[in-house]
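Observations on the model geometry
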Amino acid sequence: MSEKPIQGERRAFLTGNEVVAWAAVASEAEIMFGYPITPQNEIMHYWTRMAPKFNKRFLQTEDEISAGFTTNGGVLAGLKAFTATSGPGNTLMQEPISMAEMMRLPIVTIVQQRGGPSSATVIYSQQEVNLTTHGGNGEGLRIVYSTATHQELFDYTIKAFNTAWKYRFPTFVLGDGYQAKMREPLTIYDPEVRGIEMVPAYKFVGKPGKPGVDRPPTQLRNIFNMEEELFEELGEQFADFEKISPQIAECEQFGCENAEIVVTAHGIVARAAKSAVKDLRERGLKVGYFRPITLRPLPVKELRDTFSRAQKVLVAESANGQFDQLLKYAAYGITTEMVPLFKPGVGINSEDIYDKVMTMLAS
Amino acid sequence: MSKVIKIAMAGEGGQGVQSVAEIIAAAANDEGKECLYIPNFGVEQRGGVSIAFVQISDEAIGAPKFNTGDIVVALSERAVARTLQYVGPQTTFVYDASLNVSAEDLPKNAKRILEIPAVEISKNELSPRVFNIIIMGAVVGATGVISVEGAKLAIEKQLGAKFEKQPKLRELNFSAIDRGIDLVTKAG
Amino acid sequence: MSVQPTMPKSWRVDTKPHKFCPGCGHGLVLKALGQAIDELDIQDRVVFGCDIGCSLLAWDFFNVDTVQTHHGRTNPVMTGIKRANPDLICIGYMGDGGGYAIGSQHLVNAATRNERITAILVNNAQYGMTGGQMAPTTLPGMKTETTPYGRDVDSTGYPCQGPEMVAAITREGAYVARASVARPVPLKNYIKRAIENQMSGNGFSFVECLSTCPTNWRTNNVETINFVEKEMTKYYNVGEIKVPDPKEPLGIKTSIKVPTGGIG
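Residues numbered from 1 in each chain as written. Chains lettered and ligands numbered in written order. Predicted model: local features only at pLDDT ≥ 70, side-chain atom pairs only at ≥ 80, totals over all residues. Heavy atoms only, no water.

On a plain count of helices and strands, chain B comes out with six helices and six strands. Listing each helix as α and each strand as β along chain B from the N terminus yields β-α-β-β-β-α-β-β-α-α-α-α. At 15 Å, chain B has a C-alpha radius of gyration in line with the 16 Å of a compact globule built from 188 residues. Taking the principal axes of its C-alpha atoms as reference, chain B extends roughly 45 × 40 × 40 Å. For chain B, the residues scored as buried account for 54% of the 188 residues in total. Working note: accessible area of chain B is about 8,200 Å², and carbon and sulfur atoms make up 49% of it. (Helix = DSSP H or I, 4+ residues; strand = E, 2+ residues; numbered from the N terminus. Rg over C-alpha atoms; globule rule 2.2 N^0.38 Å. Buried < 20%, exposed > 50% of the residue type's maximum accessible area, 1.4 Å probe, protein only. Areas by Shrake-Rupley, 256 points an atom, 1.4 Å probe, with all protein chains shown as cover.)

In structure tokens:
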């Protein structure tokens, strides 16, 4: 047993990719599979540097399809396995993720969003929301945490491993190129000192005993002979997902009780929203802040409560309405006007949101 | 807006704006402040203008980039053109005296425009190697966002290994930062 | 009363008779594999992976842990399992479409990395499950649903020489063979050697099996066996193509120091 990668806790000043690598090591992740794509590369770079010190393994695969399927193989064999990707890589990754959905494999994927569609930019966007929440040829049976700060990137990467292994749904940490490359302080820690109990991994294949003699063989499939078989299987999965959703959904909000305008955003844009709303409130304006931390499942109850009380909701995102669509589906029936501030593939700064709210208040 | 010092620095690849930005941010972190540093990266980085964004505050920092900086530094003609968008009525705009720019190329709306002879000083008085440290001094002097001691400690941390081998380098770097601070504080 | 041939012990009895069509070669390959597993006494260590295509019907075939994967993706899943738990013996089972078309990049890269897994590929010269379309292995002039006038090599190329390719791109330590369901004894021996090669940690092990598909070939018994024995062998040489040579050192030192950007 190698020593713990992080003793106790300490302040660190890191890039987001470095944060993810540290968090994965702290989460007792044992093996990473990956394929190079900007802006997530340094996750692999830091992981491979730390790997020999802490008995961790890595395989650079031939593409993201293989990275995802080898990750599936890793968890089948009973290790906490993960991968990281972005953009066109995320597109390819959806195939193995859909197998993980069907077989309920606890794989963890870090996505650092870049511009889209196609190769677009290597820099930044929030355009992988559709893909990450609902990619593949299914219904999106997965859990997606959208982080805003390096502290959250660390906290939620740890949480993602626990969520995945506790509930057995593929779990994502949805970051972006800004988070990947920027540097800011955070506290990194050994989960144990924070009282976080790590859910242990377990084997799907290769359990002790002779199959057919000492135990039934594990036989997993993702294709069924009859439509009724599939319907029954999916019925159970949807029921499971619905049951656990309230335990998993998370949000952050303030000032929404009597707000005329509620600003909503997710991920890094929520930082801009938060500081803009604070400034607006300091001026005595009735503006609130609402941010889903989980994009799948969404915190539907809180969202509906908040949206139904507001006069207007400003939706800010670095995409052309992908987040907005999720919100509207959850808010169906609520007549509060939803005003867009969409900047696909481009950052949204505090000033942008501040100015937009001022215009809305003036109109 | 909450009090956050916003710094944008731009130059050509090799002028060292990213290292300086990182050292400033690291110094702020060491002083226990909230800080955020983000480079521009990607295709633009290869052969384009390199820009670094740094924000320092006592409170949590919002978006990683900003529309208007408190101090904007441009170290090449192209960098001047590229950074005009970050200049506003609160901005101190700093550029090097060696640049071939006319008054029309410079921002019209800045609070203050400072021309500093960093290239000349680095060539004639110190060493071209410490050009970016003079710039760092200028930023520290103009913003007061980190202490001079903090800045020197951060340089020591970054370049300590080199200083062990060549102790003269330490002196050179520290002179450079002092000269940089002088340039902006004496410019009034 | 009829006398049934005995099943390999590693077969799962309650899922027999199996689901393959009459005259299909899969049953023969899986019988050889079952015998090899029995003889090596590794039922508790094998993880069997099957692809999409007719091979998927083997998902509950053995009393061994089994994962049925996506079309072409069995090699990466086996790779992931093996990397995570090297004590397991990972056997991937796929058709010619899975190995040579949609999953060819995975086969190539698993082979070049010399993954310690065993891939068994069934070559029946067309896509069976989807109704008999052209495969990379379809013979020149052969009629399929997508080459109704016969495979035109000018526009669709020649039959894929899979084992020859794998032999060319693997290092010492790899085991590569082409077997045929028409010759059950070497079929079993090659599969067994391919598994033993994985067990001794030498390298990638690959056996292509020439097989039959009377359903899509629309052939009777005699024509079926003739096609495998006489037609397919015109393009596909049966035999061991690469065996580990114990005299050669396995692997070479590949640690070359290359300067890279510093992130300490």
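Still more to cover.
The helix and strand inventory of chain A stands at twelve helices and 15 strands. Its C-alpha radius of gyration of 21 Å places chain A within 12% of the 21 Å reference for a compact globule of 363 residues. Based on the C-alpha atoms only, the size of chain A along its principal axes is roughly 75 × 50 × 40 Å. Out of the 363 residues in chain A, the part that is buried amounts to 63%. Intrachain contacts of chain A at a sequence separation of at least 6 include 80% that bridge at least 24 residues. When the accessible surface of chain A is summed, it comes to about 13,400 Å², and 51% of that surface belongs to carbon and sulfur atoms. Averaging the coordinates of the 38 positive side-chain charges in chain A and doing the same for the 43 negative ones gives two points 4 Å apart. (Contact = heavy atoms within 4.5 Å. Lys, Arg positive; Asp, Glu negative; His and termini not counted. Charge placed at Lys NZ, Arg CZ, Asp CG, Glu CD.)

Let us look at the interface of chain C and chain A. With 39 residues of chain C at the contact, the number on the chain A side is 42 residues. Summed over both sides, the interface of chain C with chain A buries roughly 3,100 Å², with 58% coming from carbon and sulfur. Close ionic contact of Arg 113 of chain C with Glu 62 of chain A constitutes a salt bridge, the shortest N to O distance being 2.9 Å. Viewed at the interface, chain A and chain C are joined by 21 residue pairs in polar contact (both at pLDDT 80 or more). Listing elements by their share of the side of chain C that touches chain A, those giving two or more residues are strand S2 (65-68), helix H2 (74-84) and helix H4 (104-112) of chain C. Per-element accounting of the side of chain C that touches chain A gives the leading share, seven residues, to H2 of chain C. Among the residues making up the side of chain C that touches chain A, the classes are represented as 15 nonpolar, 15 polar and nine charged. Across two bridges, the pairing between strand S9 (residues 219-220) of chain A and S2 of chain C is parallel. (Buried area = accessible area lost by both parts, 1.4 Å probe. Salt bridge = Lys/Arg side-chain N within 4 Å of Asp/Glu carboxyl O. Polar contact = N/O pair within 3.5 Å; in protein donor to acceptor, adjacent residues only side chain to side chain. Nonpolar A, V, L, I, M, F, W, Y, C, P; charged D, E, K, R; others polar. Pairing = 2+ DSSP bridges.)

Residues and elements named next belong to chain A. The strand order across the open sheet formed by five strands is S10-S12-S11-S14-S15, and the pairing between neighbours is mixed. In the strand order of this sheet, the two ends are held by strand S10 (251-254) and strand S15 (337-342), each with one partner. Neighbour to neighbour, the strand axes of the sheet diverge by 20° on average, direction disregarded. The sheet contact formed by strand S11 (residues 261-264) and strand S14 (residues 312-317) spans four bridges and is parallel. When the bridges of S14 are listed, Ile 261 appears paired with Lys 312. With respect to the sheet, helix H9 (residues 269-282) is in contact with S10, S11, strand S12 (287-292) and S14, its orientation differing from that of S12 by roughly 160°. Here helix H10 (residues 300-309) sits on the sheet in contact with S10, S11, S12, S14 and S15, set at roughly 160° to S12. (Axes fitted to C-alpha atoms, helices over the stretch in contact; angles between N-to-C directions.)

All names here are of chain C. Across the interface, helix H1 (residues 26-40) lies against helix H7 (residues 184-199) with an axial gap of 9 Å and an inter-helix angle of 50°. For the element pair H1 / H7, the angle class is oblique. In this structure, the crossing between H1 and H7 has a hand that is right-handed. Only Leu 187, Lys 188, Ile 191, Lys 192, Ile 195, Glu 196 and Met 199 of H7 make contact with H1, whose side of the interface consists of Leu 28, Val 29, Ala 32, Leu 33, Gln 35, Ala 36, Glu 39 and Leu 40. Here the contact of H1 with H7 is built from residues that sort into ten nonpolar, one polar and four charged. (Parallel < 35°, antiparallel > 145°, perpendicular 65-115°, else oblique. Left-handed = near helix turned anticlockwise from the far one by under 90°.)

One frequent convention defines the size of an interface as the accessible area lost when the parts assemble. Counting residues at the interface gives 24 residues for chain A, matched by 26 residues for chain B. Each partner contributes to the roughly 2,100 Å² buried at the junction of chain A and chain B, and carbon and sulfur atoms together form 58% of this total. Ranking the residues of chain A by area buried against chain B places Phe 13, Arg 183 and Glu 351 of chain A at the top, with a combined share of 26%. On inspection of chain A and its partner chain B, the count reaches one salt bridge. Taking the shortest distance from any N to any O, the salt bridge between Glu 22 of chain B and Arg 183 of chain A comes out at 3.3 Å.

The next thing to look at is the pattern of salt bridges. Using the criterion set out here, one finds 40 salt bridges over all chains in the structure. We note a salt bridge from Glu 164 of chain B to Arg 170 of chain B, for which the minimum N-O separation is 3.7 Å. For Glu 164 of chain B, a relative accessible area of 60% translates into the label exposed. The shortest N-O distance in the salt bridge between Arg 178 of chain C and Glu 164 of chain C comes to 2.9 Å. Here Arg 178 of chain C is found in strand S7 (residues 175-180), whereas its partner Glu 164 of chain C is found in helix H6 (residues 162-169), with 14 residues between them in sequence. A relative accessible area of 0% places Arg 178 of chain C in the buried class. Each of Glu 62 of chain A together with Arg 83, Arg 113 and Glu 115 of chain C takes part in one network of salt bridges that share partners.

Look at any regular strand and the pattern is simple: side chains alternate between the two faces of the sheet. Residues and elements named next belong to chain C. The two faces of S2 match: Asp 65 and Val 67 on one face and Thr 66 and Gln 68 on the other face are all buried. As judged from the four bridges shared by strand S1 (residues 46-50) and S2, these two strands associate in the parallel manner. Its bridge partner being in S2, Cys 50 is matched across the sheet by Gln 68.

Residues and elements named next belong to chain C. Of all the residues in H6, the buried ones are Gly 162, Pro 163, Val 166 and Ala 167. Seen along its axis, H6 keeps its buried residues to an arc of 130°; they face one direction. In this structure, the buried side of H6 is in contact with helix H3 (96-102), H4, S7, strand S8 (205-210) and strand S9 (239-242). (Arc of directions from axis to C-beta.)

Residue and element names in this part refer to chain A. Checked against the element boundaries, Asn 90 lands in helix H4 (residues 87-103). Side-chain polar atoms of Asn 90 contact the side chain of Glu 128, separated by 2.9 Å. Contacts of Asn 90, omitting those with residues within four sequence positions, involve Thr 85, Val 111, Glu 128, Leu 131 and Thr 132.

Next up on the list: the sheet that holds S9 of chain C. A sheet is described by the order of its strands in space; here eight strands give the open sequence S9(A)-S2(C)-S1(C)-S3(C)-S4(C)-S8(C)-S7(C)-S9(C), paired in mixed fashion. Taken across any chain shown, the strands that pair with only one partner, and hence form the sheet edges, are S9 of chain A together with S9 of chain C.

Our next topic: the nonpolar core. Counting residues in hydrophobic clusters, the biggest one holds 112 residues, and the most contacted among them are Leu 76, Phe 82, Leu 105 and Phe 154 of chain A together with Ile 81, Phe 204 and Phe 206 of chain C. Composition of this core by domain shows at least three residues from each of domain 1 (9-194) and domain 2 (252-362) of chain A. With residues near it in sequence (within four places) discarded, Phe 82 of chain A still touches Ala 24, Ala 29, Ile 31, Met 32, Phe 33, Ile 43, Trp 47, Thr 71, Val 108, Ile 110 and Phe 161 of chain A. One finds Val 4, Ala 79, Tyr 95 and Ala 110 of chain B within the second-largest nonpolar core, a separate group that totals 48 residues. (Core = buried A, V, L, I, M, F, W, Y, C linked by side-chain atoms within 4.5 Å. Domains from an automatic or database assignment.)

Quick look at the side chain of Thr 69 of chain C now. Tracing the sequence through the fold places Thr 69 of chain C in the loop between S2 and H2. Given a relative accessible area of 0%, Thr 69 of chain C falls into the buried group. Polar contacts involving the side chain of Thr 69 of chain C include one to the side chain of Thr 74 of chain C, which spans 2.9 Å. Among residues more than four places away in sequence, those in contact with Thr 69 of chain C are Met 99 and Asn 222 of chain A together with Cys 50, Asp 51, Ile 52, Thr 74 and Val 77 of chain C.

Take the packing of aromatic side chains next. Per the counting criterion, the structure on display carries 23 aromatic pairs over all chains. Aromatic pair Trp 47 of chain A and Phe 82 of chain A: ring centres 5.0 Å apart, planes at 80°, arrangement edge-to-face. Taken as a pair, Trp 47 of chain A in helix H2 (residues 41-50) and Phe 82 of chain A in strand S4 (residues 81-85) lie far apart in primary sequence, 35 residues in all. With a relative accessible area of 0%, Trp 47 of chain A lands in the buried category. A centroid spacing of 6.4 Å and a plane angle of 85° characterise the contact between Phe 163 of chain B and Phe 174 of chain B, whose relative ring orientation is edge-to-face. Separated by eleven residues along the polypeptide, Phe 163 of chain B in helix H5 (residues 148-165) and Phe 174 of chain B in helix H6 (residues 167-186) bring together distant segments of the chain. Overall, the relative accessible area of 1% leaves Phe 163 of chain B in the buried class. An aromatic cluster is defined as three or more aromatic residues linked by ring pairs; in this entry it consists of Trp 11, Phe 20, Phe 48, Phe 61, Phe 62 and Tyr 93 of chain C. (Phe/Tyr/Trp six-rings, centres within 6.5 Å; stacked < 30°, edge-to-face > 60°.)

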